[in-house]
Amino acid sequence: MTPILEAKHLVKTFATTGRQLFSSNGFTAVRNVSFTVMPGEIFGIVGESGSGKSTVARMLMCLEPLTEGEVHFDGNRIDNMSPQKLRSLRPQFQMVFQDSGTTLNPRKRIGDILREPMLHHGICPPEEIDERIDTLLADVGLGTNVRNRYPHEFSGGQRQRICIARALSLSPRLLILDEPVSALDVSIQAQILNLLQELQEKNNLTYLFISHGLGAVRYISHRIAVMYRGEIVETGNCEDIFSHPAHPYTRALIDAVPSVETSIRPKMMLQGEINDSIREGTCPLLHRCPMAGPRCSSYTGEPITLSEPSHISLCTRALEDTADA
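A few points on the structure. Fair warning: this is a prediction, and the values are worked out from it, not measured in the lab.

**Some remarks on the environment of Asn148**
- Examined against the element boundaries, Asn148 turns out to sit in the loop between helix H5 (129-139) and helix H6 (156-168).
- Through-space distance from the C-alpha of Asn148 to that of Arg109 is 5.4 Å; in sequence the pair is 39 residues apart.

Printed below as a string of structure tokens:
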């Protein structure tokens, strides 16, 4: 089966003066990121703020030019595609952003916000658009009486439902969800996550779900990639990642979440703060990792496959302790 989305060795370097990471010409926010997303899958990316998650999302949407690498959608390379060809594919992959308040035009009514992309891309005849708007609003749990109201009249959760409806208005096959619940209250987060699951099953959608919240990613995702300082340090099935984390950073993320469950292994505690002076060829977690040893200084960045073929880690030392994790 052909992946619906494939990222190949993505690199993004921003020109800066002063702050540098693995580059003499600027700050590298994303470094050698590769993964595939299969049709009908929910693929989660998790990591702390500043790990490069949102930059990856913008690169996949071709909103941010790549420094290196390739992006493929449904077997077609899109990062170097002409604007005309890319425009024809745009309806098939859409994005939902974290801040719904800034992504909705405050001067337009909700009905116009939903109508505009459908008219622009010719999704359906103009005389059928009003009926489709009503269907979209019902699908996301909002009544048709909201179509004449403005975005500021809604709560954060309601605005995010409107953003989801707008993304669905083009009948996409893939949704990239960039921190879609991070700005919401916990109870509202659960409602939006349940809504996303229902819509995914109903419309046979594929999701790339990005979050810094482990609970949200674990709840909704089939597979997970863990990002640290611009690179993916571990990838695997959801339960494999949480039951047997192989990378020290993944273990530290999981252990940082309060839990009433007891564990036979000691908690992983990272040391110190993020340091941008790490030289190339060295593990980026080296100075913070309590498991670090001499061989960690000769870091290659090559993925190591664990007992499960789909479970991959960049830490060779962690491989020794996977069974005890």
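**Digging into the sheet that holds strand E4 (residues 68-73)**
- The antiparallel open sheet is built from four strands, whose spatial order is E2-E1-E4-E5. The open sheet has two edge strands, strand E2 (27-37) and strand E5 (76-77), and neither has a second partner.
- Bridge count for E4 against E5 is two bridges, and the pairing is antiparallel. When the bridges of E5 are listed, Phe73 appears paired with Asn76.
- Helix-sheet contacts for helix H1 (residues 53-60) involve strand E1 (5-14), E2 and E4, and the interaxial angle to E1 is about 115°.

**Quick notes on the nonpolar core**
- Judged by nonpolar contacts, the single largest core of 57 residues is most densely connected at Ile164, Leu196, Tyr207, Phe209 and Ile224.
- Discounting chain neighbours no more than four positions away, the residues touching Tyr207 are Val37, Glu41, Ile42, Phe43, Leu174, Leu175, Leu177, Leu196, Leu199 and Gln200.

**Considerations on the side chain of Arg223**
- Here Arg223 shows up in strand E9 (residues 223-228).
- According to the relative accessible area criterion, Arg223 is buried, its value standing at 16%.
- Looking at Arg223, its side chain comes within polar contact range of the side chain of Glu41, at 2.5 Å.
- Excluding its chain neighbours within four sequence positions, the residues that come into contact with Arg223 are Thr36, Val37, Glu41, Ile42, Phe43, Gly44, Thr235, Gly236, Asn237 and Cys238.

**A look at the sheet that holds strand E12 (residues 312-313)**
- Reading across from one edge, E6-E7-E8-E3-E9-E10-E12-E11 is the order of the eight strands in this open sheet, with mixed pairing throughout. Only two strands of the sheet have a single partner each, and these edge strands are strand E6 (93-96) and strand E11 (304-305).
- In terms of strand pairing, strand E3 (residues 42-46) meets E9 through four bridges, oriented parallel. What sits directly across from Phe43, in E9, is Arg223.
- Across the sheet, H6 touches E6 and strand E7 (174-178), and the angle it forms with E6 is around 170°.

Reading the values: the criteria
Residues numbered from 1 in each chain as written. Predicted model: local features only at pLDDT ≥ 70, side-chain atom pairs only at ≥ 80, totals over all residues. Heavy atoms only, no water. Helix = DSSP H or I, 4+ residues; strand = E, 2+ residues; numbered from the N terminus. Pairing = 2+ DSSP bridges. Contact = heavy atoms within 4.5 Å. Axes fitted to C-alpha atoms, helices over the stretch in contact; angles between N-to-C directions. Core = buried A, V, L, I, M, F, W, Y, C linked by side-chain atoms within 4.5 Å. Buried < 20%, exposed > 50% of the residue type's maximum accessible area, 1.4 Å probe, protein only. Polar contact = N/O pair within 3.5 Å; in protein donor to acceptor, adjacent residues only side chain to side chain.

Treat this as a map of the structure, not an account of what it does.
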